[in-house]
Every structure is written in C-alpha cells, then in structure tokens.
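Understanding the architecture of this molecule
This is what each chain is made of:
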Amino acid sequence: AGELYAPGGLHESLGWWRKGWCAGTTAPTSSPIQLTDICEDYPWSLNNVAFYGEGDRVRISNRIYECKAWPYSLRCTDSYYEPENSPHWQEAWIHVDDCETVNEVF
C-alpha cells in the first residue's frame, strides 16, 4: 500500500505536495538546510489571537502583514483596520511578504 502513495505512485497526490524542484547538476552541500514555507509560522487571520502588538505578523490569503510600531499598533486588534478587508489597513499594518502558492505534486 505504501508504494501507491510514494512519489510517482498511483495516489501520490494524496500524500505529497511539490515544494520546489532542481535543475542541472550540483554536488550536494556539506551542511544542508531545510526549506520551509515562510507562511507556516503565521496565523491565518486576525481572529486567532485576542491582541496584536507591534511587530506581530499575520497571514491573510497569501500575504503576510506586520503590525506597525506604537502608536499605530493600538489599531492592529481592531477589525476596522484588518488588511484586505478595510480601506484603512495601512494605518495599522505593513505588507511585508507574499506566500508561494504550491499546487503541483511531485
């Protein structure tokens, strides 16, 4: 059964997501690093935490926002300033990065 879900197996899409790919020939590094999705560390929306302060980050859709410094940080918990849902979000938040959307399978 395990081979059916292995990369290249009949049901690989049920167990594997493409995180990237390699091209060409390069010798392996002597100290490999693990690649991570930068968005995995952030909550999906403002509803996950009761309070946001200066420097806190959230993920909304495929974008990461950071709460501005005081005194603007006082607005970060208020849904009136929620990124992507308010025209006033830039008064409290800074768009700092985008997430990579991964749709392909090995």
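Before any of the text, the structure's been laid out above.
Residues numbered from 1 in each chain as written. Predicted model: local features only at pLDDT ≥ 70, side-chain atom pairs only at ≥ 80, totals over all residues. Heavy atoms only, no water.

1. Here we look at the nonpolar core
- Membership of the largest hydrophobic core is limited to 10 residues, which are Tyr52, Val58, Ile60, Tyr65, Cys67, Cys76, Tyr81, Trp89, Ala92 and Trp93.
- Going through the elements one at a time, strand E1 (57–60) and strand E2 (63–67) are the ones with two or more residues in this core. (Core = buried A, V, L, I, M, F, W, Y, C linked by side-chain atoms within 4.5 Å. Buried < 20%, exposed > 50% of the residue type's maximum accessible area, 1.4 Å probe, protein only. Helix = DSSP H or I, 4+ residues; strand = E, 2+ residues; numbered from the N terminus.)

2. A look at the sheet that holds strand E3 (residues 93–98)
- If you walk across this open sheet you meet the 3 strands as E1-E2-E3, and the pairing is antiparallel. Two strands close off the open sheet at either side, each with one partner strand: E1 and E3. Strand-to-strand twist across the sheet, computed as the mean angle between neighbouring axes with direction ignored, equals 30°.
- Here E1 pairs with E2 via 4 bridges, running antiparallel. Across the sheet, valine 58 pairs through a bridge with tyrosine 65, a residue of E2. (Pairing = 2+ DSSP bridges. Axes fitted to C-alpha atoms, helices over the stretch in contact; angles between N-to-C directions.)

3. Digging into the packing of aromatic side chains
- Here the structure, examined in full by the defined rule, presents 3 aromatic pairs.
- For the pair tyrosine 65 and tryptophan 89, a centre-to-centre distance of 5.1 Å together with 75° between the ring planes defines the contact as edge-to-face. On the criterion of sequence distance, the pair formed by tyrosine 65 in strand E2 and tryptophan 89 in the loop between E2 and E3 is long-range, its members being 24 residues apart.
- Since its relative accessible area comes to 18%, tryptophan 89 is described here as buried. (Phe/Tyr/Trp six-rings, centres within 6.5 Å; stacked < 30°, edge-to-face > 60°.)

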